[in-house]
Amino acid sequence: HSCPMVLRIAELTSFGAGASASTHQPNSKFTQQELPACKPILTPKWVISVFLLVGVIFVPIGVASLLASNKVVEIVDRYDDACVPSNVTNKLAYIQNSTISKTCRRTLKVPKDMKQPIFVYYQLNNFYQNHRRYVKSRNDQQLRDASKANETTLCDPEKTRDGMAIVPCGLIAWSTFNDTYTFQHNTNNLSIDKTDISWKSDRDHKFGSDVFPKNFQKGPLIGGKTLNESIPLSEQEDLIVWMRTAALPTFRKLYGRIYVDLKENDTITVTLDNNYNTYSFDGKKSLVLSTSTWLGGKNDFLGLAYLTVGGLCFFLAFAFTLLYLIKPRKLGDNNYLSWNRNSAGH
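Note that the structure is a prediction, hence the values are computed from the model and not measured.

Caption draft 1: Spatial organisation of the pattern of salt bridges. Applying the stated rule across the entire model yields 16 salt bridges. Here R244 ties to D202 by a salt bridge, and the two come within 2.8 Å at their closest N and O atoms. Taken together, the residues R244 in the loop between α8 (237-243) and β8 (251-258) and D202 in helix α7 (residues 200-206) connect sequence positions 42 residues apart. Judged by its relative accessible area of 29%, R244 falls in the partly exposed class. Look at D202 and you get buried, because its relative accessible area is 3%. Note that R203 is salt-bridged to E237, the shortest N-O span being 3.6 Å. One end of the pair, R203, is in helix α7; the other, E237, is in helix α8, with 34 residues separating them in the sequence. Connected through salt bridges with shared partners, the residues R78, D80, D81 and K91 form a single ionic network.

Caption draft 2: Region of interest: helix α2 (residues 44-70). In a regular helix each residue adds 1.5 Å, so 27 residues correspond to 39 Å; α2 covers 39 Å between its end C-alpha atoms and thus fits that length. Considered for burial, the residues of α2 that qualify are I48, G55, G62, S65, L66, A68 and S69. Buried residues along α2 sit against α9 (300-326).

Caption draft 3: Just the state of the cysteines, in detail. Here the structure, examined in full by the defined rule, presents two disulfides. Indicated for the chain is the disulfide connectivity 1-2, 3-4, based on numbering the bonded cysteines in sequence order.

Caption draft 4: Summary view of the side chain of S198. Positionally, S198 belongs in the loop between β7 (188-190) and α7. With a relative accessible area of 9%, S198 lands in the buried category. Excluding anything up to four places from it in sequence, S198 contacts R203, E237, I240 and V241.

Caption draft 5: A look at the packing of α2 against α9. Following both chains from N to C, one finds α2 and α9 inclined at 155 degrees, their axes separated by 7 Å at the closest point. What the angle tells us is that α2 and α9 run roughly antiparallel. Here α2 and α9 pass one another in a crossing that is left-handed. A breakdown of the residues in the contact of α2 with α9 according to their chemical character gives 23 nonpolar, nine polar and two charged.

Rules used in this analysis
- Residues numbered from 1 in each chain as written.
- Predicted model: local features only at pLDDT ≥ 70, side-chain atom pairs only at ≥ 80, totals over all residues.
- Heavy atoms only, no water.
- Salt bridge = Lys/Arg side-chain N within 4 Å of Asp/Glu carboxyl O.
- Helix = DSSP H or I, 4+ residues; strand = E, 2+ residues; numbered from the N terminus.
- Buried < 20%, exposed > 50% of the residue type's maximum accessible area, 1.4 Å probe, protein only.
- Expected span 1.5 Å × (residues − 1).
- Contact = heavy atoms within 4.5 Å.
- Disulfide = S-S within 2.5 Å.
- Axes fitted to C-alpha atoms, helices over the stretch in contact; angles between N-to-C directions.
- Parallel < 35°, antiparallel > 145°, perpendicular 65-115°, else oblique.
- Left-handed = near helix turned anticlockwise from the far one by under 90°.
- Nonpolar A, V, L, I, M, F, W, Y, C, P; charged D, E, K, R; others polar.

Okay, structure coming up:
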């Protein structure tokens, strides 16, 4: 019969200890969670007003984005199939045969006036640069520091050649795009400016000015572009552009710029070397000439996204307004909310 007495003593002891501990804690608004805070009440008027405001902001942005995108003039020419002779049945064997000339001529017609600078891109489809093993197949220390030339960790299977380290190692560098383009306009050659086509941060911090290619593309199977061993990696901008891997299987990469204005219906003759192997994985290759606006290149998605969200907000604002007018609900008195009461009444 002594158990209830023991429990009672324990309860009193714990209560006294708790009271003693609470007396040592500061009784502030922070500890009592009473600091001023924004506690909005979503009344119908507020909700409708917010939806209207978002719609008023988003719809003009969407219209401006679409107008800017429509001002961009693009010429897209797919040439991977067109530049293979019609009598060739095995395209893979054709592209891998180094004794066959891969030179191809294409004629492009300018649909609208194109103001300089005109950006030259190559576009690849069905090329998964975002594959995990592909993305990891590089060594950033080797690319940045000449003293780390023998660092080939993670570069499988392009690590060494005849026991010597490959610089730059890895699958990304090995598969650098190697098609080339030259342009003629009215029998005049158009020069392509290939400077500053890569990110400045990449040139300054990711690729060393004292790191030179070594043992590169010396194996039995050539993956792509060969590099000049007398030029440091920080100046090999085609390589730097390629090694900033794309997130999607269809992507464009900058090849250069043309600083000449082109008029509507002008004809451009493109002489290209169709070297890059996209036939083994059913890929596609395209040459793209494009102008730009304040928004960049041609991109309808951004404008359509803004218009969709803005239109949806206008629709919801209209629907809530009708609902509020046809079947209104009586709102409660906000003074009864806990944070509107007098703290002394607690």
